[in-house]
Structure formats: C-alpha cells, structure tokens
Amino acid sequence: MTKVIITGSKGRMGRALLDCAPAHGELEVVGQIDQGDDLARVIQQGDVVIDFSSHTATATIAELCAANGKALVIGTTGHDDAEKTRITRCAARLPMVWASNYSTGVNTLFWLTRKAAEILGPGYDLEVVEMHHRLKKDAPSGTAKSLAEILAAVRRQQLAKVARHGREGIVGERTHEEIGIHSVRGGDVVGDHTVVFATNGERVELTHKASSRDTFAHGALRAALWVVRQPPGRYDMQDVLGLK
Ligand code: NAD
C-alpha cells in the first residue's frame, strides 16, 4: 500500500484528490496538510507527497521530501526562476513527477501538438489560447506554457524570445516567428486549451476542455503510485503514461 500525503488538501484540487483517492485501491491517504499545518511532523508517515498548494510552498516541500527520502508529485504551477532552481536541485536526491497538467487528455494534446507542428512545418502562425475560472492566480496557465514550449522546441526557437503575451494597441503586423499566448478568465471554467495553426487558406485548431478536476486528480494519484518505484530524477506525465 502506497502512503500518500496531500499538501493543499483544503483547496479545489486537494478536495478532488481526496474524493478520487478511494478509487485507487493500492494507495492510502495518511496526511492532509494545508495552511498552518506542519508537513515536517507527518512526513515520515508517507511514501510520497502530492503537492497542489501554492508555487511559493513547493520548493520547501521538495527540500523536505529530499531530506526525508520521500517521493514527490508536483501539481503547482507558476513557479518563478528561483523556485524552479531550488526544485530542480532536489531532483538529484528524490524521484519527482513535475507536470503542468496531469490529465491524460492534455498529455495526448501535448503529443498531438508536437506532431502537428512537425507535419505542418514553418508556414503556419502559432497561437495558444487558454481559459480558466476567475479564481486562478497565475497566467498564462502552466499547460499553455508547456504547449508553447513544445511549439518553440519543434521550431528550434527559445520561447522567451518569441512568446507574445496578448496584444494591445498599434502592435504592427504579426511576425512570422512569434508564438502568441492568450489567457481568458471567467466563471468556473476548469481549463480549456486551444492550439491554433493558421496559414493562408486554412486553419487547424487542437482543443482540450476539462470539465472536472477529477481528471487531474486521477492522473496525479496514478503518478504517485508510479513515482515511488522510480530512481531519483525528474519525470513528467509523459513518462508516467509511457508516451516517450
Ligand atoms: P486553491 O487555491 O483552491 O487551493 C490551494 C490550497 O493550498 C488552499 O487550500 C491553500 O490554503 C493551500 N496552501 C497555500 N499555501 C500553502 C502552504 N504554504 N502550505 C500548505 N497549504 C497551502 O488552488 P487549486 O485550484 O486547488 O490549485 C492549486 C495549484 O495547483 C495551483 O498552482 C494550480 O495552478 C495548480 N493546478 C495544477 C493542475 C495540474 O494538472 N498540474 C491542475 C489544476 C491546478
């Protein structure tokens, strides 16, 4: 039986994880941590921590997992560069799955996006559009960034140099190189992502729409069961699903 501790347990994703956990007979939730609770006091009881708290908490959680020999599933998004560096450093000491999106459907979208970019080639304008609920704190979504990174990688571009976040005013004609990224916020939308490939005379759009957080929760629980059997290193959901 794999023993799981959930951080961010009172949040939207934390509650979805707790609801979905009983469907995974091989794991047991032994700890629920939210603001004000002390993970250090319970970490020895678990095999793996699933973190859906806040990007500001994840590096400290990763360091605690590394110090205690525990595996980690990172669900948080929006980490700054300093946080990313601290988290990445821990990957030498513990197995971690770090994915911007745990849904099987979105990971299929990642695969299709790479394939479409390769097939369509350089003659298409690339744009990523995402929509989330009004309470989401970071923008663009981690998934939109992952999609844009896939597109940039196929074109051998550095995303930081070609990303175009929204447009306003007299921005001039669209350049061929840029990859547009646009965030829409409103209502209770769980997560929509569309990748647009547009050229003269035609347009291809790949869209995924999540209508329940359960899809992320089941993916993260599956990742937890998988990661406890891996050697130290950084993995993503494509590794868990065997898509590499
Ligand atoms: P939320 O605000 O509903 O929940 C976050 C919870 O974490 C809250 O209960 C909050 O009190 C708690 N928290 C904050 N700081 C903490 C700390 N230092 N220690 C312990 N608990 C703390 O948010 P949410 O919608 O559940 O999303 C949580 C995170 O997961 C966000 O970063 C979001 O972008 C990400 N997310 C990722 C995926 C994915 O598939 N990777 C899917 C959905 C959401």
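Residues numbered from 1 in each chain as written. Predicted model: local features only at pLDDT ≥ 70, side-chain atom pairs only at ≥ 80, totals over all residues. Heavy atoms only, no water.

1. Topic: unusual backbone geometry
Right, so step 1: That bond from Ala 139 to Pro 140 is cis: its omega, -10°, falls within 30 degrees of zero.
Right, so step 2: Within the secondary structure, Pro 140 sits in the loop between strand 6 (125–132) and helix 6 (142–154).
Right, so step 3: One non-glycine residue, Arg 156, adopts positive backbone phi at about 55°.
Right, so step 4: Along the polypeptide, Arg 156 turns up in the loop between helix 6 and helix 7 (159–162).
Right, so step 5: Here Arg 156 falls in the exposed class, since its relative accessible area comes to 79%. (Helix = DSSP H or I, 4+ residues; strand = E, 2+ residues; numbered from the N terminus. Buried < 20%, exposed > 50% of the residue type's maximum accessible area, 1.4 Å probe, protein only.)

2. Structural notes on the pairing of strand 10 (residues 202–210)
Right, so step 1: With 9 bridges connecting them, strand 9 (residues 191–199) and strand 10 associate as antiparallel partners. Directly across from Phe 197, in strand 10, lies its bridge partner Val 204.
Right, so step 2: Linking strand 9 to strand 10, which pair antiparallel, is a turn of 2 residues; within it Gly 201 sits at a positive phi near 95°. (Pairing = 2+ DSSP bridges.)

3. Here's the deal with the sheet that holds strand 8 (residues 179–185)
Right, so step 1: Within the open sheet, the 5 strands sit side by side as 7-8-6-9-10. Their pairing is mixed. Taken across any chain shown, the strands that pair with only one partner, and hence form the sheet edges, are strand 7 (163–165) and strand 10. Strand-to-strand twist across the sheet, computed as the mean angle between neighbouring axes with direction ignored, equals 15°.
Right, so step 2: In terms of strand pairing, strand 6 meets strand 8 through 7 bridges, oriented parallel. Among the inter-strand pairings, Val 129 is bridged to a residue of strand 8, identified as His 182. (Axes fitted to C-alpha atoms, helices over the stretch in contact; angles between N-to-C directions.)

4. Quick notes on the layout of surface pockets
Right, so step 1: As a volume, the largest pocket reaches approximately 1100 Å³.
Right, so step 2: Along the walls of the largest pocket sit 43 residues, with Met 13, Phe 52, Ser 53, Ser 54 and Thr 76 positioned nearest its centre.
Right, so step 3: Elements with a minimum of two residues in the lining of the largest pocket: helix 1 (12–20), helix 2 (39–42), helix 3 (55–68), helix 6, strand 9 and strand 10.
Right, so step 4: Top element by residues in the lining of the largest pocket is helix 3. It accounts for 5 residues.
Right, so step 5: For the lining of the largest pocket, the domains that each give at least three residues are domain 1 (2–98 + 213–240) and domain 2 (104–210).
Right, so step 6: Here the second largest pocket defines a volume of roughly 750 Å³.
Right, so step 7: The wall of the second largest pocket is formed by 31 residues, among which Ser 100, Gly 142, Ser 146, Glu 149 and Arg 234 lie closest to the centre. (1 Å grid on protein atoms, 1.4 Å probe; cavity = no way out; pocket = protein on both sides within 12 Å on 5 of 7 lines; lining within 4 Å. Points joined across faces, edges and corners; volume = space filled by probe spheres on them. Domains from an automatic or database assignment.)

5. What to know about the sheet that holds strand 1 (residues 2–7)
Right, so step 1: Judged by pairing direction, the sheet is parallel, and its 6 strands sit side by side in the order 2-1-3-4-5-11 without closing on themselves. The outermost strands of the open sheet, each flanked by one partner alone, are strand 2 (27–33) and strand 11 (233–235). Between one strand axis and the next, the sheet turns by 20° as a mean value, whatever way the strands run.
Right, so step 2: Note that strand 3 (residues 48–51) and strand 4 (residues 71–74) share 4 bridges and pair parallel. Across the sheet, the residue bridging to Asp 51 is Ile 74, located in strand 4.

6. Brief notes about the nonpolar core
One broad trend across soluble globular proteins is that nonpolar side chains are buried collectively.
Right, so step 1: The biggest cluster of nonpolar side chains holds 31 residues, and the ones touching the most others in it are Leu 17, Ile 50, Val 73, Val 97 and Tyr 102.
Right, so step 2: When residues of this core are traced back to their parent elements, those giving at least two are strand 1, helix 1, strand 3, strand 4, helix 8 (214–227) and helix 9 (237–241).
Right, so step 3: The biggest single contributor to this core is helix 8, with 9 residues.
Right, so step 4: Non-local contacts of Tyr 102, meaning those with residues more than four positions away in its chain, are made with Phe 52, Val 73, Ile 74, Gly 75, Val 97, Asn 107, Thr 215, Phe 216, Gly 219, Ala 220, Ala 223 and Met 237.
Right, so step 5: Of all hydrophobic cores here, the second largest spans 21 residues; its members include Phe 110, Leu 147, Ala 148 and Phe 197. (Core = buried A, V, L, I, M, F, W, Y, C linked by side-chain atoms within 4.5 Å. Contact = heavy atoms within 4.5 Å.)

7. Regarding helix 3
Every α-helix carries 3.6 residues per turn, so stepping three or four residues along brings you back to the same face.
Right, so step 1: Between its first and last C-alpha, helix 3 extends 21 Å over 14 residues, near the 20 Å set by a 1.5 Å rise per residue.
Right, so step 2: Those residues of helix 3 hidden inside the fold are in contact with strand 1, helix 2, strand 3, strand 4 and helix 4 (81–90).
Right, so step 3: Phi for Gly 69, located one or two positions after helix 3, is positive at around 70°. (Expected span 1.5 Å × (residues − 1).)

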